[in-house]
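Observations on the model geometry
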Amino acid sequence: MTAGRTATESAVRPPMVGVVAAAAGGLSGLRIGLVEPVLARGWRVGVTLTPTAARWLTAIGEVEALAAATGFPVRSESRLPEEPRPHPPVDCYVLAPASANTVAKLALGIGDNQALTQVGEALGDVRVPVVVSPRVNAAQARHPAWSGHLAALRLAGARLVDGAGEFPLTEPADEPERGLPWSSVLAAVVEAVDARK
Ligand SMILES: Cc1cc2nc3c(=O)[nH]c(=O)nc-3n(C[C@H](O)[C@H](O)[C@H](O)COP(=O)(O)O)c2cc1C
């Protein structure tokens, strides 16, 4: 179990947001675009990364920066059974950016890393809302299984923020440098947390 809090806990502690990220475009903006704005609301954040996302963010010093900003270790590995959980129970998960790979595995219920284990369990827990922001190109979205994966996440109650209204999908060779739709992701998180009260 990674999530779920009693009414008493929720009443006395600020909301805890589980920020989970995969290795996709926009990842480098995770702290500035999402983590710091959530912290600025007075809420708490625990960050968990896929192994590849951890490699990318370690290379640019962002894993240390995220740990310093949140006050919690950044997770990318499972704990040993006898070790305590490094993050408090979570009120809302947000998976951003979500790579095509991580969306596919999440939709199929695969939990072969810590990031997928946490979000996959929350998808089945009606008390914990899940926001997912896929970051894919047009070729990835044309994979025959893609629409089914998104439908499975919607069926599980996940709120999808895909930025489609903000920018169109591009072909792999034409991908511009751009961030995630962070303000829309943040708005979805705030709405999901507030809806729990
Ligand atoms: C520079 C670079 C950018 C990438 N951007 C994306 C992306 O925006 N979306 C995506 O689905 N995959 C992207 N990939 C591929 C993923 O990183 C790759 O599928 C990886 O296995 C995903 O692992 P994860 O889902 O466990 O984080 C990119 C790879 C590289 C090297």
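Data block above holds the structure.
These remarks concern the structure in this document. (Residues numbered from 1 in each chain as written. Predicted model: local features only at pLDDT ≥ 70, side-chain atom pairs only at ≥ 80, totals over all residues.)

Overview of the overall build of the protein chain
When you go through the protein chain residue by residue, the secondary structure sums to 9 helices and 5 strands. Written out in order from the N terminus, the α and β elements of the protein chain read α-β-α-β-α-α-β-α-α-β-α-α-β-α. Dimensions of the protein chain, computed from C-alpha atoms along their principal axes, come out at roughly 50 × 35 × 35 Å. Residues classed as buried in the protein chain amount to 42% of the 197 residues present. (Helix = DSSP H or I, 4+ residues; strand = E, 2+ residues; numbered from the N terminus. Buried ≥ 20, exposed ≤ 12 C-beta atoms within 10 Å, placed from the backbone.)

Side note on unusual backbone geometry
Most peptide bonds take the trans configuration, and most residues that are not glycine carry a negative phi. Residues A96 and P97 are joined by a peptide bond in cis, for which omega reads -5°. By the secondary structure assignment, P97 is in strand β3 (residues 92–98).

Overview of the nonpolar core
Judged by nonpolar contacts, the single largest core of 52 residues is most densely connected at Y93, V94, V119, V185 and V189. Apart from the residues within four sequence positions on either side, V189 is in contact with V17, V38, C92, V94 and V131. (Core = buried A, V, L, I, M, F, W, Y, C linked by C-beta atoms within 7 Å. Contact = placed C-beta atoms within 7 Å.)

Observations concerning helix α2 (residues 30–40)
Every buried residue of α2 is listed here: L30, R31, G33, L34, V35 and V38. Of the surrounding secondary structure, the elements contacted by the buried residues of α2 are β1 (16–21), β2 (44–49), α4 (62–70), β3 and α9 (182–195). G42 lies just past α2 and shows a positive phi near 85°.

So, the sheet that holds β2
Note: strands within a sheet are paired through backbone hydrogen bonds, in either parallel or antiparallel orientation. Spatially, 5 strands are ordered β2-β1-β3-β4-β5 in an open sheet, and the strand pairing comes out parallel. Looking at strand neighbours, the two that pair on one side only are β2 and β5 (159–160), the edges of this open sheet. Across 6 bridges, the pairing between β1 and β2 is parallel. When the sheet's bridge partners are listed, V17 is paired in β2 with V45. (Pairing = 2+ DSSP bridges.)

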